[in-house]
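# Report on the structure
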Amino acid sequence: MSTLKIAGLSKHFGSTKAVDEINLEIDSGEFVGVIGRSGAGKSTLLRLINRLIEPTAGSVSFDDVNITELRSKELRQWRRNCAMIFQQFNLVDRLDVITNVLVGRISEHGILSSTTMRFSDEERTMAVKALDRLDMIPFALQRAGTLSGGQQQRVAIARALVQNPRIMLADEPIASLDPGNATRVMDALRTINEEDKLTVLVNLHTLDTAREYCSRIIAMRQGQVMFDGPAQQLTDAVVREIYGADGLEEINEAVTSTSIQNRPQVAA
Ligand code: ADP
């Protein structure tokens, strides 16, 4: 089984310990939600995993390969294995949807064909299949910039899928979406996790969403892991213990604007 191992991982920005000696093991096929207030270190953790940034100390390994030491070709291969989606989608607005999805194949190309953006029939078929899974076929030829946020995020997921990744990292993927679109995006991540057995590691602002979708929740505070376990064990009482008396309200601060469920809070 492929395991992502994080050992003694730290990232300091000056005197800020954004990630502070974290140890984690994540098995293949898990759906993990990382929660915590803004500034807790969630995004930094994801960026360290796919090597968008370098750690101050510690290591990340996958299948017993030390990711932290990879260079050039192997590093590019890791970035392909480890797809990432972002809050702001990061699509090219002026390109149509299918070309945006095909951008996920560019890292497989040599310099020449990546600059000319020539894709094989097989790659186009992959892109169409990925769009179909996300119910985005009707928009395939539309410019990405004309789509709603939720539709753009589904295109970003399709682009990630054509990379054939082993892990999907999602950095606050629903933070700027309305509840309906947020549900669609989270449902898409769940389907991919279940059907493709793809490991999903998603940063979320709201506890309710994490409880709804994730089998395992990691709660961070000030760069450290305060809780790591099954969603059902992260009761409101545990949240209050971790984050203090106001913790539940604060960690769910965005509930009214971004929660995909309007469930009442369960009293501890
Ligand atoms: P979260 O994703 O939980 O909101 P972040 O990982 O973005 O938290 O940030 C954790 C801490 O690290 C914050 O205090 C943030 O200001 C700091 N930080 C993150 N990135 C940088 C950076 N590039 N330069 C300086 N400080 C940073």
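Below, the structure is looked at part by part. As the structure is a computational prediction, the values presented were derived from the model and not from experiment. (Residues numbered from 1 in each chain as written. Predicted model: local features only at pLDDT ≥ 70, side-chain atom pairs only at ≥ 80, totals over all residues. Heavy atoms only, no water.)

A few words now on helix H6 (residues 149–161). The end-to-end C-alpha separation of H6 is 18 Å, in line with the 18 Å expected for 13 residues at 1.5 Å each. For H6, the tally of buried residues reaches 12 of 13 residues, placing the bulk of the element in the interior. The set of residues buried in H6 consists of Gly150, Gln151, Gln152, Gln153, Arg154, Val155, Ala156, Ile157, Ala158, Arg159, Ala160 and Leu161. (Helix = DSSP H or I, 4+ residues; strand = E, 2+ residues; numbered from the N terminus. Expected span 1.5 Å × (residues − 1). Buried < 20%, exposed > 50% of the residue type's maximum accessible area, 1.4 Å probe, protein only.)

Moving on to the sheet that holds strand E7 (residues 167–171). The mixed open sheet is built from 6 strands, whose spatial order is E6-E7-E8-E3-E9-E10. Looking at strand neighbours, the two that pair on one side only are strand E6 (82–86) and strand E10 (224–230), the edges of this open sheet. Taking the axes of each pair of neighbouring strands and ignoring which way they run, one obtains an average angle of 15° across the sheet. Across the face of the sheet, helix H2 (residues 72–81) comes into contact with E6 and E7 while running at roughly 60° to E6. (Pairing = 2+ DSSP bridges. Axes fitted to C-alpha atoms, helices over the stretch in contact; angles between N-to-C directions. Contact = heavy atoms within 4.5 Å.)

This part is about the pattern of salt bridges. For the coordinates displayed, the defined rule picks out 12 salt bridges. When the shortest N-O distance is used, the salt bridge between Asp236 and Arg211 registers 2.6 Å. With Asp236 in helix H9 (residues 236–243) and Arg211 in helix H8 (residues 207–213), the pair connects residues that are 25 residues apart, well separated along the chain. Classification of Arg211 as partly exposed rests on a relative accessible area of 23%. One connected set of salt bridges, linked through shared partners, spans Glu30, Arg216 and Asp228. (Salt bridge = Lys/Arg side-chain N within 4 Å of Asp/Glu carboxyl O.)

Counting 52 residues, the largest nonpolar core has Ile157 and Met168 as the members making the most contacts within it. Excluding residues that lie within four positions of it along the chain, Met168 makes contacts with Ala83, Ile157, Ala160, Leu161, Leu189, Ile192, Leu198, Thr199, Val200 and Leu201. Counting 28 residues, the second largest nonpolar core, distinct from the first, contains Val19, Leu45, Leu48 and Ile218. (Core = buried A, V, L, I, M, F, W, Y, C linked by side-chain atoms within 4.5 Å.)

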